[in-house]
Amino acid sequence: MANVKVQAIMTAPRAEITWCRNQIEKAMNELRIPLSVSGGVYYGQCMQMMLEDAIDQGVEYAITVDGDSVFTGDQVHHLISLAVQEDMDALCAMQLRRGKPHMLG
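These figures come from a predicted structure and were not determined experimentally.

Of note in the backbone geometry, R32 takes a positive phi value of approximately 60° without being a glycine. When you line up the elements, R32 lands in the loop between helix 1 (18-30) and strand 2 (35-38). For D87, which is not glycine, the phi dihedral falls at a positive 50°. Mapped onto the elements, D87 comes out in the segment after helix 3 (73-85).

Here it is in structure tokens:
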């Protein structure tokens, strides 16, 4: 993963969950992955503009993050390593449903 340029991209609401944001920043900092955050009104437009900027900067893999997500640096490292190893164009993590023992459906 050392030779792969990765950037994390997240849109943030005006009032966000600080604990989740701290966990996201901690995971990205552990891997030295820059985190770009947009706080605009239109989620899709903000995400598209940040992805276009990432492409212009030569980013090979963009990690899009929801502001209420919780994950570790090890989990992000595993996903990136898998994507690079298998030469994947896209990869997503599945999140457990809150309070339930199964995946979101």
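To continue, consider the nonpolar core. In terms of nonpolar packing, the biggest core is built from 15 residues, with V6, M28, I33, I63, V65, F71 and V76 touching the most fellow members. Of all the secondary-structure elements, those providing two or more residues to this core are strand 1 (6-11), helix 1, strand 3 (61-65) and helix 3. In this structure F71 touches Q23, I24, A27, M28, V65 and V76, once residues within four positions along its chain are discounted.

Let us look at the environment of D66. Position of D66 among the secondary structure elements: in the loop between strand 3 and helix 3. For D66, a relative accessible area of 43% puts it in the partly exposed group. Along the chain, D66 and R21 lie 45 residues apart, while their C-alpha atoms are 9.5 Å from each other. Not counting residues up to four positions away in its chain, the partners in contact with D66 are M10, I24 and Y43.

Right, let's get into the side chain of R21. Among the secondary structure elements, R21 is positioned in helix 1. Within the local environment of R21, its side chain forms a polar contact with the side chain of E25, the two groups lying 2.8 Å apart.

Our next topic: the pattern of salt bridges. Taken as a whole and judged by the stated rule, the model has one salt bridge. E25 serves as the salt-bridge partner of R21, at 2.8 Å between the closest nitrogen and oxygen. Highlighted residues: R21 and E25, both in helix 1, separated by four residues, approximately one helical turn.

What follows covers the environment of R32. Since its relative accessible area comes to 75%, R32 is described here as exposed. Along the primary structure R32 and V6 are separated by 26 residues, whereas in three dimensions their C-alpha atoms are 9.1 Å apart.

Parameters and conventions
Going along each chain's sequence as written, the residues are numbered from 1 onward. It should be noted that, the model being predicted, local features are given only for residues of pLDDT at least 70 and side-chain atom pairs only at 80 or more, the latter also being counted only at that level, while totals for whole chains, interfaces and linings use all residues. Side-chain numbers come from the whole structure's heavy atoms, not from hydrogens or water. Every helix listed is a DSSP run of H or I at least four residues long, and every strand listed is a run of E at least two residues long, numbered separately from the N terminus. By convention a nonpolar core is built from buried Ala, Val, Leu, Ile, Met, Phe, Trp, Tyr and Cys residues, the set being connected through side-chain atoms within 4.5 Å. Exposure categories follow from relative accessible area, calculated using a 1.4 Å probe and restricted to protein chains: below 20% of the type maximum is buried, above 50% is exposed, and the middle band is partly exposed. Whether two residues are in contact is decided by their heavy atoms: any pair within 4.5 Å suffices. Each polar contact in these results corresponds to two N or O atoms within 3.5 Å; when the atoms are within protein, one needs to be able to donate a hydrogen and the other to accept it, and residues that are neighboring in sequence are counted only if both atoms are side-chain atoms. Just to be clear on terms, a salt bridge is a Lys or Arg side-chain nitrogen sitting within 4 Å of an Asp or Glu carboxyl oxygen.

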